[in-house]
Amino acid sequence: MTNSIPEFETDTNCFLIIGSNTSEGHPLIATRVLKAQKRGAKVIVLDPRKNQIGHWADIFHTFRPGSDVAIFNGLMNVIISESLQDEAFIAERTEDFEALKTLVAEYTPEKVAEISGIPADVIREIARTYAKGKPAAILYAMGITQHTTGVDNVKSTSNLAMLCGNMGILGGGVNPLRGQNNVQGACDMGGLPNVYPGYQAVTIPEVQKKFQDAWGSAGPLTVGMTVTEMLHATQEGKVRALYVMGENPMVSDPDLNHVRHCLEQTEFLVVQDIFLTETAEMAHVVLPGTSFAEKDGTFSNTERRVQRVRQAIKPVGDAKEDWIIICELARKMGASGFDFQSAQAVMEEINKLTPSYGGITYERLEELGSLQWPCPTVDHPGTPYLHKGKFSRGLGKFFALEFKEPNELPNDEYPFTLTTGRLMFHFHTGSMTRRSKKLDSEVPEAYVEINVKDAGKIGLNGHKRVRVTSRRGEIELGVRITDDIKRGVVFIPFHFAEAAANKLTNSAIDPVAKIPEYKVCAVKVEVF
Amino acid sequence: MIDYKNVLTTCPYCGTGCALHLQVLDEKLVGVLPAKNHVVSEGGLCIKGWNVHAFVNHPDRLTTPLIRKNGKLEEATWDEALTLIADKFGEVKTASGPDSVAILTSAKCTNEENYLLQKFARAVIGTNNVDHCARL
Amino acid sequence: MTDRLTTLRKTIENVLPNVEGVLALRIGPGGITAPHLFSKEHSEELDKLALWPKEPVPDTLKIILRAHPDAKLAIVCRGCEERGIVEMFKHSQLNLDNLTLIGLQCEQDEAEFCRCAKPFTVHSKLTVGEPIEGVPDPLTAKIEAMSQPEKQAFWKQEFEHCIKCYGCRNICPQCFCNICALEDETWVETGRLPMPNPSMYHMVRAMHMTAKCVACRECEETCPADIPMAVHFRLIARDVREMFNYEPGASMDQKPPQLLVLEEGEYERSGLPH
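The shown structure was predicted, so the numbers you read here are calculated from the model rather than taken from an experiment.

**Looking at the overall build of chain B**
The helix and strand inventory of chain B stands at three helices and seven strands. At 20 Å, chain B has a C-alpha radius of gyration far larger than the 14 Å of a compact globule built from 136 residues. Within chain B, buried positions represent 67% of all 136 residues. Pairs at least 24 apart in sequence give 34% of the contacts found in chain B among residues at least 6 apart.

**Quick word on the interface of chain C and chain B**
Each partner contributes residues to the interface: chain C has 28 residues there, and chain B has 23 residues. If you list the elements that add at least two residues to the side of chain C that touches chain B, you get β2 (33–38), α2 (57–67), α7 (167–171) and α9 (218–222) of chain C. Among the elements that line the side of chain C that touches chain B, the one with the most residues is β2 of chain C, at five residues. Here the residues of the side of chain C that touches chain B are counted per class, giving 15 nonpolar, nine polar and four charged.

**Re the domain arrangement of chain B**
For chain B, the domain assignment lists domain 1 (4–50), domain 2 (65–96) and domain 3 (98–136). Computed from C-alpha coordinates alone, the two centres of domain 1 of chain B and domain 2 of chain B are separated by 37 Å.

**Let's talk about the sheet that holds strand β12 (residues 297–300) of chain A**
All names here are of chain A. Spatially, β12-β13-β14 is the arrangement adopted by the three strands of the open sheet, whose pairing is antiparallel. Only two strands of the sheet have a single partner each, and these edge strands are β12 and β14 (370–372). Adjacent strand axes in the sheet meet at a mean angle of 30° when their direction is disregarded. Examined bridge by bridge, strand β13 (residues 305–309) and β14 share three bridges and lie antiparallel to one another. Looking at the pairing, Arg305 lines up with Gln372 of β14.

**Observations regarding the domain arrangement of chain C**
All names here are of chain C. The assigned domain composition of chain C is domain 1 (4–128) and domain 2 (138–259). The distance between the C-alpha centroids of domain 1 and domain 2 comes to 24 Å. In this assembly, 18 residues from domain 1 lie in contact with 16 residues from domain 2. Looking at the side of domain 1 that touches domain 2, the elements with two or more residues in it are α2 and α3 (79–90). Looking at the side of domain 1 that touches domain 2 element by element, the count peaks at nine residues for α3. When its residues are assigned to classes, the side of domain 1 that touches domain 2 shows seven nonpolar, three polar and eight charged.

**Here we look at helix α10 (residues 230–244) of chain C**
Residues and elements named next belong to chain C. In a regular helix each residue adds 1.5 Å, so 15 residues correspond to 21 Å; α10 covers 20 Å between its end C-alpha atoms and thus fits that length. Where α10 is buried, its residues contact α5 (138–144), α8 (198–208) and α9. Two residues or fewer after α10 comes Asn245, characterised by a positive phi angle close to 55°.

**Considerations on the interface of chain A and chain B**
Counting residues at the interface gives 116 residues for chain A, matched by 87 residues for chain B. In terms of residue count, helix α17 (residues 322–332) of chain A provides more of the side of chain A that touches chain B than any other element does, eight residues in total. Partitioning the side of chain A that touches chain B into residue classes produces 64 nonpolar, 32 polar and 20 charged. By the bridge criterion, two bridges tie strand β11 (residues 285–288) of chain A to strand β4 (residues 66–69) of chain B in an arrangement that is antiparallel. Residue Val285 of chain A lies in a different strand from β4 of chain B, and its bridge partner there is Ile67 of chain B.

**Quick look at helix α5 (residues 68–81) of chain A**
Residue and element names in this part refer to chain A. With 14 residues, α5 extends 20 Å between its outermost C-alpha atoms, agreeing within 8% with the 20 Å of an ideal straight helix rising 1.5 Å per residue. Of all the 14 residues making up α5, 12 are buried; the element is thus mostly covered by neighbouring parts of the structure. Of the positions making up α5, those classed as buried are Asp68, Val69, Ala70, Ile71, Phe72, Asn73, Gly74, Leu75, Met76, Asn77, Val78 and Ile79. Ser83 sits one or two positions beyond α5 and adopts a positive phi of about 55°.

**Let's talk about the packing of helix α6 (residues 148–160) of chain C against α8 of chain C**
Residue and element names in this part refer to chain C. Close contact between α6 and α8 brings their axes to 8 Å; oriented N to C, the two are set at 100°. Considered as vectors, α6 and α8 are oriented roughly perpendicular to each other. Counted together, Trp155, Phe159 and Glu160 of α6 and Pro198, Ser199 and His202 of α8 form the full contact between these two elements. Across the contact of α6 with α8, the residue classes break down as three nonpolar, two polar and one charged.

**A look at unusual backbone geometry**
Of note, the amide linkage connecting Lys134 of chain A to Pro135 of chain A takes the cis form, showing an omega dihedral of -5°. Here Pro135 of chain A shows up in the loop between α9 (120–131) and β5 (136–140). Geometrically, the link from Leu193 of chain C to Pro194 of chain C is a cis peptide bond, its omega value of -5° lying close to zero. In this fold, Pro194 of chain C is placed in the loop between α7 and α8. Although it is not a glycine, His428 of chain A sits at a positive phi angle of roughly 45°. Checked against the element boundaries, His428 of chain A lands in the loop between β16 (416–421) and α20 (437–442). Its 23 C-beta neighbours within 10 Å are what place His428 of chain A among the buried residues. Non-glycine residue Ala215 of chain C carries a positive phi angle of around 60°. Relative to the helices and strands, Ala215 of chain C resides in the loop between α8 and α9.

**Some thoughts on the pairing of strand β5 (residues 72–75) of chain B**
Residues and elements named next belong to chain B. Judged from the four bridges that link them, β4 and β5 form a sheet pairing that is antiparallel. Across the sheet, the residue bridging to Arg68 is Leu73, located in β5. Where β4 hands over to β5, the hairpin turn is made up of two residues, of which Asn70 adopts a positive phi near 50°.

Conventions and cut-offs
Residues numbered from 1 in each chain as written. Chains lettered and ligands numbered in written order. Predicted model: local features only at pLDDT ≥ 70, side-chain atom pairs only at ≥ 80, totals over all residues. Helix = DSSP H or I, 4+ residues; strand = E, 2+ residues; numbered from the N terminus. Rg over C-alpha atoms; globule rule 2.2 N^0.38 Å. Buried ≥ 20, exposed ≤ 12 C-beta atoms within 10 Å, placed from the backbone. Contact = placed C-beta atoms within 7 Å. Nonpolar A, V, L, I, M, F, W, Y, C, P; charged D, E, K, R; others polar. Domains from an automatic or database assignment. Pairing = 2+ DSSP bridges. Axes fitted to C-alpha atoms, helices over the stretch in contact; angles between N-to-C directions. Expected span 1.5 Å × (residues − 1). Parallel < 35°, antiparallel > 145°, perpendicular 65-115°, else oblique.

Quick look at the structure:
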């Protein structure tokens, strides 16, 4: 996020929420938005489903999943043709505006209406509301990123924000809402194949040398494999051993039948987790790790805020803190540099090697409660919002992007577009929330959400269960009929292993970010 | 003696980063209390946060290492499990090169754990094959 | 004149030798306060004693007493919290014989923050601070002054902002039923957001607060959607006062109206005061 959560309530005058079911995915961000609305801020929500915040939006409209780039181009078309853009910001802080201007000129509201299903007048109204609502914040989540055009979608959000000068200001910016407690931190800490901690590229020799000097040894100068690539590589025997800590690809990854096949092929699979997850069941060795309640450490939230996790109870049974397990394994392999006595000692090493975390020490966290990176030194106050005065690359670049169709479109055999997502009552693969009595009682089993008119069309008539089939697999599950979802679209939450939405999803990925297209695939729905 | 404490920590579910107190009585988790005057959550929580203690002591928790023997996962000691992994990783690395090992860190684990695991991948194994489910 | 914090610290120090612990507020990391059980073994922790923001300390008392029913404890309580403890006693949730109440009188700004009519204790033998008069509740007055359609529109919006966290129920010192109507599908549909009928949740809860709510406002404080639900409870409390002459927490020996019709033997078995 370029902004901070508290800014939404106090400073933002217009919210454009797209591809985020904020009320369910980030409930306490949604309530901030609704509080801002009470003081007069405008709320625009675009989503294939009319979610809770959609019900309260000043402007809400459904749209065809995957048409995001076209929608953004259409909004920019209106803004430029009505001269609502921030000329000063464009002149001083951006480049390549002319190319963008030329391209979006073709995306008239009428053309975009045909692609997206949002009427031309509504596109105009949204564009005007956003352009006049400065400071305006764009909020998005996986609805923007989980597409084969995910990177284009993200670039489109920043195109629109820069066009109206909504960058580097209090309350205005581009805000991806991170879905997991520490997905931000896992990226910050170099849990990625292309970067060391602090996004220092593995391909730069000086960076490699820095870590060689610090650790005694470092990775190669070539970028490693992403999750999806690792799984593919197990089939060819290119990856022989896989070590998985606290992840459950057997529920979370696309095209699960394929994932199962890959994991079965893996010569040596180690899984470290707190439950015997669907992935752990396939492992050769399972290591019992600990939950957040049993260990010390830090999480970094979606607004780059680093906060403490504190041990409340001893590890359950013979389980061990995950950071201790890693150190013991490293020492077992004869490695030095893993003699940490506490999580705090690990953070001290992070402080030295990660410029953006340089000033984030346990002592300061104890005193201040939290610090937002970049925070390079111990006297730095942290950074509530990014890009003030200057972008990290210098000038902000506009990207002229054509709309591209999703990888898989509905046809006569698979007439519905499946989109997947979360429920408020559950989290990710459900290994924690489905073992919580209250949460499980709220939603004990999977269901597919379908528009009331579509339900009639396929002959749903009091049926409690349906079968949903894609080119990759089929699942049987409950059904909820609603008029809050766009016709032709069905929604399945992905928390439920026994009716796993990801048996159906398409593993086609964005060519740059390698993110799978969870938000669009073609399915059929049958009663039985 | 009654041992009651409120331990301030961060919610392990979504990325909002709400603060909460784990209520601990006689070394057992008994409940959750939101954190007033916290900058993000301001004394509130969602239904997941309010129930965050519920899964921690679930009987399904893994409490001991397991090693697959004759197709079945059987209980093992830490030393057996770690020795087996160290030997196997070493063997694969030597025979097929460091890039034949791949590692998934976790968006649910701490910064310190993610740091250590990618350090393990790069400094001990010698590979950049390290990723997590950020995209999922 | 010494300030309340210093006086409170001294009062707790005097009480500590005679009890197993004193429940009060402590400042923790990042300046965040939480209820804490101060003990004579760790009296140095009193350096971190805090007064504000108010926290649901009686709820913590309830948790401790469930595991240690005979514990001899003291608790620092404001007027509302004292009323809460009295009602918990009347509903057999705790034994007052083992409990020392240390009354903390609220100051003007605190009372105004809580829109509190009774920001003072009446039962505590030990007290800290000077009692002040109650303050008006401008929010309740404002909502009361609305026309019927305005009220409907107001509450519709407030309720529909509800995210079904159950925080208002979880934090309430007066919510201690083993089976909760709010988890009964008859009244509140499970697993849906937006809730199909959020006013049902809030109205059922309001009914259950009848003659129980002690106006501590912890529910409003924890509500992520800022629903001013205490307004209902206060208006219902006014009706209860008029109909039954009953004020929750005001007196130790007055029977709550929802228990008035119990037969004598049944009433004794309930363990309630006579």
